[in-house]
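Chain residues, written in single-letter form:
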Amino acid sequence: MADPIYHGKPITMFYWGDDAGAKAVAANLARDLGFDPVDAGPLTNARVLEPLSVLWIWLAMHGGMDRKFALTLVKQ
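A separate point is unusual backbone geometry. The bulk of non-glycine residues show a negative phi, and the bulk of peptide bonds are trans. We note that histidine 7 has phi near 50°; this positive angle belongs to a residue other than glycine. Inspection of the secondary structure assignment puts histidine 7 in the loop between β1 (5-6) and β2 (9-10).

Next comes the structure, spelled out in C-alpha cells:
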C-alpha cells in the first residue's frame, strides 16, 4: 500500500458502504493516496473481501509471488 502505482497505473482499492457521504470520503481518500477507487456496493458486499485476501496471502506465501504484487480490476 506504500506504493499503489504499478507499471505507471494505480491499483484498485475497493470500498463498500451504506452511507453515500462516507463512501465519497473513502473514494477521495483512496484517490488522494494514489489508488483507483472502485465502489463495490453496499456494506453487505464487504464479505467478499476476505476470500480475495486469502487468495493474496496464499499467492504471497505459497504461490511464489512474494509480497510485491496486487490484485487489480482491469477496465476495458
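What follows concerns the pattern of salt bridges. In the structure shown here, the tally under the stated rule is two salt bridges. Here aspartate 39 and lysine 23 are joined by a salt bridge, their closest N and O atoms 2.8 Å apart. Of the two residues, aspartate 39 sits in strand β4 (residues 36-39) while lysine 23 sits in helix α1 (residues 20-32), which places them 16 residues apart along the sequence. Residue aspartate 39 is classed as partly exposed on the basis of its relative accessible area, which comes to 43%.

This part takes up the pairing of β4. Where strand β3 (residues 12-15) meets β4, four bridges bridge the pair, whose relative direction is parallel. Residue pairing in the sheet places phenylalanine 14 in a bridge with valine 38 of β4. Between β3 and its parallel partner β4, the chain crosses via α1, and the hand of that crossover is right-handed.

What counts and how
Residues numbered from 1 in each chain as written. Predicted model: local features only at pLDDT ≥ 70, side-chain atom pairs only at ≥ 80, totals over all residues. Heavy atoms only, no water. Helix = DSSP H or I, 4+ residues; strand = E, 2+ residues; numbered from the N terminus. Salt bridge = Lys/Arg side-chain N within 4 Å of Asp/Glu carboxyl O. Buried < 20%, exposed > 50% of the residue type's maximum accessible area, 1.4 Å probe, protein only. Pairing = 2+ DSSP bridges. Right-handed = clockwise from strand over helix to strand, strands pointing away.

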